[in-house]
Amino acid sequence: MKHIAVVGVGYVGLVTGTCLADLGNQVVCLDIITERIENLKKGILPIYEPGLEEMVRRNVKAGRLAFTTNYTEAINGGEGSEPAEFVFIAVGTPSAVDGAADLEYVRAAAESIAAVMDHPLIVINKSTVPVGTGDWVADSVKAKQKKPIPISVVSNPEFLREGSAVHDFMNPDRVVFGSLDPEASHKVAQLYLPLRTTLMTTDLRTAEMIKYASNAFLATKISFINEIANICEALGADVKEVAVGMGYDKRIGRAFLDAGLGYGGSCFPKDVLALAHMAAVKGRHPQLLQAVMDINADQRKSILSKTRNLLGGDLKGKTIGLLGLAFKPNTDDMRDAPSIDIARWLIEQGARVKGYDPVSMTAAGSLMPPDVKFVEDPYELAADCDAIILVTEWNEFKQLDFDRIRQSMKTPVLIDGRNLYDPEKMRASGFTYRGMGRGYNERS
Ligand SMILES: NC(=O)c1ccc[n+]([C@@H]2O[C@H](COP(=O)([O-])OP(=O)(O)OC[C@H]3O[C@@H](n4cnc5c(N)ncnc54)[C@H](O)[C@@H]3O)[C@@H](O)[C@H]2O)c1
């Protein structure tokens, strides 16, 4: 059993801390948001993540998982907890104005650790940070220490997906460790041995780059298939079948070839932007990354003209229902969710917008334009709508009572932003249906 502190209790920190506790370690999770920690002590989670609540409860009960706002207690130990040997940093790294990753929270966390540490530590960077940050974290901890105490920094990027984060943490394709101190890397790798997966050790900067390159590649696959979707739409082919046909090829694979409204969320947009920024700062021309971002922005925007065309060329006075608001299913994360832009654009064009999501309505409340009307279920959403746009492909939207939906709409227009539905079935049910790149323009 190892003693671990996790700094930052968001999607990554809470999952990391809880899973490490579940693997038998003693974990203290720390955040600066007092309310978040008080709620966690009562078993109330700040995020929606399948399976996590039960796991938190079980590990708290077993005495392996605790929550605090106190750095001294988390790192040096306190009532009922031993000093930590490992400190994971899992704070946010949002985009700064210029597109670089904003390291304000990482800096604050590193300095707070430095200010209290009274014994040698291995600091592990789980946050996605620009290449070179690991060196910088070590320097800023050393600079803020009251007296020199040994510290090693290991980069251990996280690859989990929101919505299946617990499963992903426990069943990784690989775990990457980067450090200038091989012994520290080796010690951190030991924490992951029970997962029986590929453990890859490298230098610090390479580990940091592996994370950016991985996210950029996945975002590229999404933009690639969206570009193909646009061409399919023009030529009358169905991109969904095209992706299946491509995916049988093992060199290509089926994953991340779903045409739709493009990527959003807290990672891909900021990570592709940050990588392009890092390249540009060094005088490189990240043309592919730029195209990936442009295609993604265009794809999101394309839903507007699609809706307008289907509603006679004018959105003024029209009521549009957004089915699903979270940036993807099985999460309540609304960061950079396409629904926010789409609602704003529709309202700018004079439409009234209603929204429904199974879990993200609370999170959406403060991020969506104030004019959006939130409703309780898909049927209330459909009432008097001129069109419904499926924005998030939640499972529960697959089997709706479409007769009921169609009957309560003003005009039965269904725009399927995620290609969730069968176009033929939807047409047979009486909808005017449009997907993304499904080649139906010429047929209806
Ligand atoms: N969300 C994902 O799916 C995902 C996946 C892989 C990697 N990442 C990366 O992991 C990092 C964290 O992402 P997230 O989505 O978990 O962020 P988040 O915003 O959900 O959580 C960050 C937490 O850190 C806390 N925090 C900020 N400053 C702090 C400080 N000085 N001391 C203690 N706590 C502090 C915040 O209060 C918040 O609770 C980011 O770099 C992100 O790019 C995220």
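Residues numbered from 1 in each chain as written. Predicted model: local features only at pLDDT ≥ 70, side-chain atom pairs only at ≥ 80, totals over all residues. Heavy atoms only, no water.

### Side note on the layout of surface pockets
Quick reminder of the rule: Using a 1 Å grid laid over the protein atoms alone, points where a 1.4 Å probe fits but cannot get out form a cavity; open sets with protein on both sides within 12 Å along at least 5 of 7 lines form a pocket; any residue with an atom within 4 Å of a point counts as lining. Grid points are joined across faces, edges and corners, and a volume is the space filled by probe spheres set on the points. Strands here mean DSSP runs of E at least two residues long; helices mean DSSP runs of H or I at least four residues long; both are numbered from the N terminus.
Computed from the structure, the second largest pocket encloses a volume of approximately 290 Å³. If you go around the second largest pocket, you meet 13 residues; those closest to its centre are Val 131, Met 278, Ala 279, Val 281 and Lys 282. When residues of the lining of the second largest pocket are traced back to their parent elements, those giving at least two are helix H9 (204–235) and helix H11 (268–281). It is H11 that contributes the most residues to the lining of the second largest pocket, six residues altogether.

### Some details on the pattern of salt bridges
Note the following rule: Counted as salt bridges are all cases of a side-chain nitrogen of Lys or Arg within 4 Å of a carboxyl oxygen of Asp or Glu. Note on exposure labels: buried denotes an accessible area under 20% of the residue type's maximum, exposed denotes more than 50%, and partly exposed covers the range between, all computed with a 1.4 Å probe on protein chains only.
Summed over all chains, the structure comprises 22 salt bridges. Here Lys 270 makes a salt bridge to Asp 271, at a shortest N to O gap of 2.8 Å. The pair Lys 270 / Asp 271 is uniform in exposure class, with both members buried. Here Arg 418 ties to Glu 393 by a salt bridge, and the two come within 3.7 Å at their closest N and O atoms.

### A few points about the site of the ligand
The line we're drawing: Proximity is defined per residue: if any heavy atom of the residue lies within 4 Å of a molecule or strand, that residue is considered near it. Two N or O atoms count as a polar contact when they lie within 3.5 Å, although within protein this holds only if one can serve as hydrogen donor and the other as acceptor, and sequence-adjacent residues are included solely when both atoms are side-chain atoms. Accessibility throughout is a Shrake-Rupley quantity obtained with a 1.4 Å probe, and a residue counts as covered only by protein chains that appear here. Under the scheme applied here, ten amino acids are nonpolar (Ala, Val, Leu, Ile, Met, Phe, Trp, Tyr, Cys and Pro), four are charged (Asp, Glu, Lys and Arg), and all others, including Gly, are polar.
Around the ligand, 29 residues are found, and the nearest of them are Asp 31, Tyr 71, Thr 93, Glu 162 and Lys 270. The contact in question runs from an oxygen atom of the ligand to an N or O atom on the backbone of Tyr 11, over 3.1 Å. Take Arg 335: an N or O atom from its side chain is 2.9 Å from an oxygen atom of the ligand. Taking 830 Å² as the accessible area of the ligand by itself, protein coverage stands at 91%. Counting only elements with at least two residues in the shell around the ligand, the list comes to helix H1 (11–22) and helix H5 (104–116). Per-element accounting of the shell around the ligand gives the leading share, three residues, to H5. Looking at the shell around the ligand residue by residue, the classes come out as 15 nonpolar, seven polar and seven charged.

### Remarks on the side chain of Ser 214
The test is simple: By the convention used here, residues are in contact when the closest approach between their heavy atoms is within 4.5 Å.
Within the element layout of this structure, Ser 214 appears in helix H9. According to the relative accessible area criterion, Ser 214 is buried, its value standing at 17%. Apart from the residues within four sequence positions on either side, Ser 214 is in contact with Phe 159 and Arg 174.

### A few points about the sheet that holds strand E13 (residues 413–416)
Cut-off, in case you're wondering: Note on pairing: DSSP must find at least two bridges between two strands before they are called paired. Angular values range over 0 to 180 degrees, each being the angle between N-to-C directions of two axes fitted as lines to C-alpha atoms, with helices fitted over their stretch in contact.
The six strands lie next to each other as E11-E10-E9-E12-E13-E14, forming an open sheet whose pairing is parallel. Each end of this open sheet is capped by a strand with a single partner; those strands are strand E11 (373–374) and strand E14 (432–434). Bridging between E13 and E14 involves three bridges; their strand directions are parallel. Residue pairing in the sheet places Ile 415 in a bridge with Arg 434 of E14. Lying over the sheet, helix H12 (residues 287–310) contacts strand E9 (319–323), strand E12 (387–390), E13 and E14, oriented at roughly 160 degrees with respect to E13. Packed on one face of the sheet, helix H13 (residues 338–348) meets E9, strand E10 (352–356) and E12 and runs near 180 degrees to E9.

### Some details on the packing of aromatic side chains
Here the distance between the centres and the angle between the planes together describe a pair of aromatic rings. For the record, the criterion: Stacked, edge-to-face and tilted are the three classes for Phe, Tyr and Trp ring pairs, Trp counted by its six-membered ring, which pair at centre distances within 6.5 Å; planes under 30 degrees apart are stacked, over 60 edge-to-face, the rest tilted. In this analysis the charged atom, NZ for Lys or CZ for Arg, is taken to sit over a ring once it is within 6 Å of the ring centre and within 35 degrees of the ring normal.
For the structure on display, the rule yields seven aromatic pairs. Judged by centre distance (5.9 Å) and plane angle (35 degrees), the ring pair of Phe 169 and Tyr 192 falls under tilted. Placement of the pair is Phe 169 in helix H7 (residues 165–170) and Tyr 192 in the loop between helix H8 (182–191) and strand E8 (198–202), with a sequence separation of 23 residues. Note on Phe 169: relative accessible area 3%, which makes it buried. With 6.2 Å between their ring centres and 45 degrees between their planes, Phe 256 and Phe 268 make a pair best called tilted. Linking Phe 256 in the loop between helix H10 (239–247) and H11 with Phe 268 in helix H11, this pair joins segments that are twelve residues apart in sequence. A relative accessible area of 26% places Phe 256 in the partly exposed class. Among the aromatic side chains, those forming a connected cluster through ring pairs are Phe 169, Phe 177 and Tyr 192. In this structure, Arg 174 is placed above the aromatic ring of Phe 159, and the distance from its NZ or CZ to the ring centre is 3.6 Å. A cation over a ring is seen here: Arg 404 above Tyr 379, with NZ or CZ 4.0 Å from the ring centre.

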